[in-house]
Amino acid sequence: MYAQKTMFESGNELAAFAAKQINYHIMGYFPITPSTQIAEHLDYLKAEGEHDVMLIPADGEHGAAGICYGGALGGGRVFNATSANGLLYALEQLPVQSGTRAPMVLNIACRTVSGPLSIKGDHSDVMYTLNTGWIILFAKDPQAVYDMNIMALKIAERVKLPVIVAFDGFFTSHQKRRTQVFEHDHDVQDFLGSYKPSFSALDCESAVTIGAYMNEPDLLNNKYQLHLAMEDARNAIPEIFAEYESISGRTYSVTTCYQTDDAEVVLVILGSSFDTAMVAVDKLREKGKKVGVTTLGILRPFPAANISTCLKNAKSVVVADRQDSYGAGGGNLTIEVKAALQDIGACTPVISRVYGLSGRDFYVDDAITMLEEGFKFLGASSTRRFDYLGIYEGSGETQINQFFAPITEDVSRPGVTSAGFNAQTSKMEVTGGAITDLAAMPKRIAPGHGACPGCGIPVNVNLLLKGIEGNVVLLFHTGCGMVVTTPYPKTSFRVPYIHNLFQSGAATLSGLVEVFHQRQRRGEIPSGDITFVMISGDGGMDIGMGPSIGTALRNHCLIMFEYDNGGYMNTGYQLSYATPMGARSSTSHVGVAQQGKAGFHKDTPQIMAGTNIPYIATVSEHNPMDFIRKAAKAGEYSRRFGTAYVKALSACPLNWGDVPADERAVIEASVNCCYHPLYEIENGVTTLTYNPEDKNKKIPVSQWFEMMGRTRHLSKPGNADMLDQIQAEVDRRWARLKARHDSEVL
């Protein structure tokens, strides 16, 4: 056996450690809880100089899958990780990768698929992949996550199919266990051997066309070949498991049975619940009840023969599903087990129980209850073939509780309003805005939210809404702003509110806007105005950039407001395209081989300017009057002319590493160094609304960076070149803005 050492790590960390030892060519990734830690830890190891894997931050999970697919077609070894709706966003790409026989490894830290939103673990995501043509391994503990990640690549390259390594989100992904890992990376690489792809998009001497259009008979044959490859995997997986045992001493099987030989009732269960169920089996055995439990190490190819062998002596079988295939009378595992038993002609009754949804804990008593259900079916007592475990009865009546009086049009007109559009200047005029007017505007977001001290989100959103009179409907992308204001069953909002995922917010709101106008035209709802506002941040204008641009190009009557906190804060501060160059994050570590984020921050206002929408503005909480007047203009533009975009730099003291009480000064410094200049673009004409040079307040970017822990390291020796690059880029953007301000055509 190869030399090994003991580590105390989580499943996520061990997946990353295995990837580091394999030394993949690339990892395309996008953060989503609870799989994010894999990319974070791999980046940490990169910063320490322990591997050469290139981590590529995608614009979303669909993009991450595309990055990996492209890398695989170039003959590279590629790696990815995701969860829940992120997996579903990438789902379109999965059959492409298997259908063109592109081997790669994807880790799925299994999590609830929303809506409504839940970040807890169950198996409702991985079951969507059953028909994608991917091999699926299922790890029950962190040790298996490490081992299966190594074996998965060998399996993938042996049969030319991509492989998923699935494991329980939070239960396995985050719980630390004592595990054995190979001491030397080269031993892992020797086990895998070199990879020689069957074809490569980089081979210009033997050019191939990949993913060509196929008609019906050709496609039929292609899918048959995919079927044959999966059947090859059925034989290859046990062989590679055995080969791995010879170098590690650890045994893996496609199914694992415990006390099933003479069991009258057998429980079939996946993942980390298996260990809990074994304890329940021991307790019932002590009472003389013949019970057993089995789990699966692979879901595809489904080990029908193996599971049938485990269940051959059972008088009843209980299948526990951590998801439901709604309307099918059982989850996907139940359906597969029933089919396997039918294939061998068994008449064994199968009882299905859905349990543990959204991370609900699974206890020994729960496993005992399930096993007892199997005995009830055999005895005089009756039990339902299909049911949920642990549900509670509702009242049968839906009651919508309003915790606050809603903010309606009659109480939201204190005097900050548009004086109309000036055709001569092509600008919107604003009147009002005295302190008394602003104080009179009620807050659409009530106090009592769960934001961190110093968080800029509620500050910026409330400032925006102070400038918008009348009825308002809000849509929030997923993110910190959404999470801290809407913990079921309570809400902080005093106006209508919708949540949708990062990538779909702008499109969703545009649909609502058009229904509003259509229903008014048809006389179905009263006439009058509503201001529709999408609130985005935490990277929402990365993964949501495409739909946002599409919405802007269609010029729907709405406002897009971005609270730019410079990262994916709701998942623990991974870098986004808005993160400053050189900033430390959990996917841009600082170490001997890496000094924070490598690229410049995204200039979203200028991207939106390319769509030619009527109004674009940048705002800052340190200048509330400028902020509110621009909000009023954005509201009027959105009601009369189309899409408006407003961006605020939003402080996040937890991840920026500064003092909450100083946030206003930190934001002011970002404006004075021209990293976040204040300007507006009305009908294509740029106007600077604040010039720090005129006030003799302009400072270098380094002075702003010194105020934050995430960038303070750039002042240390050896980072001067990066700091000079950042200053040069900020100066270039500032010079272009001044040139546009001075010109009527730029």
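## Examining the overall build of the protein
Helix and strand content of the protein: 24 helices and 27 strands. A compact globule built from 746 residues should have a C-alpha radius of gyration of about 27 Å, and the protein, at 29 Å, falls within 12% of that. Counting only contacts in the protein whose residues sit at least 6 apart along the sequence, the fraction spanning at least 24 positions is 77%. Summing over all exposed atoms, the protein offers an accessible surface of approximately 30200 Å²; the carbon and sulfur share of this is 52%. Between the centroid of the 65 positive side chains of the protein and the centroid of its 78 negative side chains there is a distance of 3 Å.

## Here's the deal with the layout of surface pockets
Its boundaries defined by the atoms lining it, the largest pocket holds a volume of some 1600 Å³. Lining the largest pocket are 47 residues, and of these Gly115, Pro116, Leu117, Thr486 and Tyr488 lie nearest its centre. Counting residues per element, the ones that place at least two in the lining of the largest pocket are α15 (480–483) and β19 (497–500). Roughly 400 Å³ of volume is contained in the second largest pocket. Arg111, Thr478, Phe502, Asn570 and Thr571 are, among the 23 residues lining the second largest pocket, the residues nearest its centre. Of all elements in the fold, only α4 (84–90) and α15 reach the threshold of two or more residues within the lining of the second largest pocket.

## Considering the sheet that holds strand β4 (residues 78–82)
A sheet is described by the order of its strands in space; here seven strands give the open sequence β3-β2-β4-β5-β7-β6-β12, paired in mixed fashion. Edge strands, defined here as strands with exactly one partner in the open sheet, are β3 (54–57) and β12 (298–300). Put simply, the sheet's adjacent strands are angled 20° from each other on average, direction ignored. The pairing of strand β5 (residues 105–110) with strand β7 (residues 163–168) spans six bridges and is parallel.

## Regarding helix α18 (residues 545–554)
All of the buried residues in α18 are Met545, Ser548, Gly550, Thr551 and Ala552. Two residues or fewer past α18, Asn555 is found with a positive phi of approximately 60°.

## Re the environment of Met148
Here Met148 shows up in helix α6 (residues 142–159). Along the sequence, Met148 and Ala166 sit 18 residues apart, while their C-alpha atoms lie 9.5 Å from each other. In contact with Met148, other than residues within four places in its own chain, are Leu137, Phe138, Ala139, Val165, Tyr252 and Gly297.

## So, the pairing of strand β14 (residues 350–354)
Regular strands show a simple pattern: their side chains alternate between the two faces of the sheet. Within β14, five of the five residues are buried, which leaves the element mostly enclosed by the surrounding structure. Burial of the side chains of β14 extends over both faces: Val350, Ser352 and Val354 are buried on one face and Ile351 and Arg353 on the other. Of the strand pairs in this sheet, strand β13 (residues 316–321) and β14 are connected by five bridges, and their pairing is parallel. From the neighbouring strand, Asp321 faces β14, where its bridge partner is Val354. Handedness of the β-α-β unit built from β13, helix α11 (residues 332–343) and β14 comes out right-handed. Pairing of β14 with strand β15 (residues 386–388), which is carried by three bridges, proceeds in the parallel orientation. Bridging from a neighbouring strand, Arg353 pairs with Asp387 of β15.

## Re the side chain of Ser536
With respect to the helices and strands, the residue Ser536 is situated in strand β20 (residues 530–537). Polar contacts involving the side chain of Ser536 include one to the side chain of His477, which spans 2.7 Å. Not counting residues within four places of it along the chain, the set of residues in contact with Ser536 comprises His477, Met541, Phe561, Glu562 and Tyr563.

## With respect to helix α10 (residues 304–311)
If you check which residues of α10 are buried, you get Ile307, Ser308, Cys310 and Leu311. Burial along α10 is one-sided: seen end-on, the buried residues are contained in an arc of 160°. Each element contacted by the buried residues of α10 is listed here: β9 (255–258), β10 (265–268), β11 (291–296), β13 and α11.

## Some remarks on unusual backbone geometry
The residue after Gly115, namely Pro116, is reached through a cis peptide bond having omega -10°. Tracing the backbone shows Pro116 in the loop between β5 and β6 (135–138). Residue Pro489 is bonded to the preceding Tyr488 through a cis peptide linkage, with omega at 5°. With a phi close to 60°, Arg101 is a non-glycine residue in the positive phi region. In this fold, Arg101 is placed in the loop between α5 (94–99) and β5.

## Thoughts on the pattern of salt bridges
A complete count under the given rule lists 30 salt bridges for this structure. Close ionic contact of Glu373 with Arg353 constitutes a salt bridge, the shortest N to O distance being 2.7 Å. Of this pair, Glu373 sits in helix α12 (residues 364–378) while Arg353 sits in strand β14, and the two are 20 residues apart along the sequence. Overall, Arg353 belongs to the buried group, its relative accessible area being 4%. Here the residues in one salt-bridge network are Glu9, Glu13 and Lys176, joined through shared partners.

## Focus: the sheet that holds β15
Read from one edge to the other, the open sheet built from six strands follows the order β9-β11-β10-β13-β14-β15, with strand pairing classed as mixed. Sheet topology places β9 and β15 at the edges, where each strand pairs with a single neighbour. Each neighbouring strand pair of the sheet contributes to a mean axis angle of 20°, computed without reference to strand direction. Where β10 and β13 come together, four bridges link them in parallel fashion. Within the sheet, the bridge partner assigned to Leu267 lies in β13 and is Val318. Contacts between α12 and the sheet are confined to β10, β11, β13 and β14, with β10 contributing the most and set at about 135° to the helix.

## Some details on the environment of Ala81
Position of Ala81 relative to the elements: it lies in strand β4. Among residues more than four places away in sequence, those in contact with Ala81 are Met27, Phe30, Ser35, Ile38, Leu106 and Asn107.

## Quick word on the packing of α10 against α11
Two elements in contact, α10 and α11, have axes whose closest approach is 9 Å; the angle formed by their N-to-C orientations is 80°. Here α11 runs roughly perpendicular to α10, going by the angle between their axes. Residue-level inspection shows Ala304, Ile307, Ser308 and Leu311 of α10 in contact with α11, the latter providing Val337, Ala340 and Leu341.

Basis of the calculations
- Residues numbered from 1 in each chain as written.
- Predicted model: local features only at pLDDT ≥ 70, side-chain atom pairs only at ≥ 80, totals over all residues.
- Heavy atoms only, no water.
- Helix = DSSP H or I, 4+ residues; strand = E, 2+ residues; numbered from the N terminus.
- Rg over C-alpha atoms; globule rule 2.2 N^0.38 Å.
- Contact = heavy atoms within 4.5 Å.
- Areas by Shrake-Rupley, 256 points an atom, 1.4 Å probe, with all protein chains shown as cover.
- Lys, Arg positive; Asp, Glu negative; His and termini not counted.
- Charge placed at Lys NZ, Arg CZ, Asp CG, Glu CD.
- 1 Å grid on protein atoms, 1.4 Å probe; cavity = no way out; pocket = protein on both sides within 12 Å on 5 of 7 lines; lining within 4 Å.
- Points joined across faces, edges and corners; volume = space filled by probe spheres on them.
- Pairing = 2+ DSSP bridges.
- Axes fitted to C-alpha atoms, helices over the stretch in contact; angles between N-to-C directions.
- Buried < 20%, exposed > 50% of the residue type's maximum accessible area, 1.4 Å probe, protein only.
- Right-handed = clockwise from strand over helix to strand, strands pointing away.
- Polar contact = N/O pair within 3.5 Å; in protein donor to acceptor, adjacent residues only side chain to side chain.
- Arc of directions from axis to C-beta.
- Salt bridge = Lys/Arg side-chain N within 4 Å of Asp/Glu carboxyl O.
- Parallel < 35°, antiparallel > 145°, perpendicular 65-115°, else oblique.

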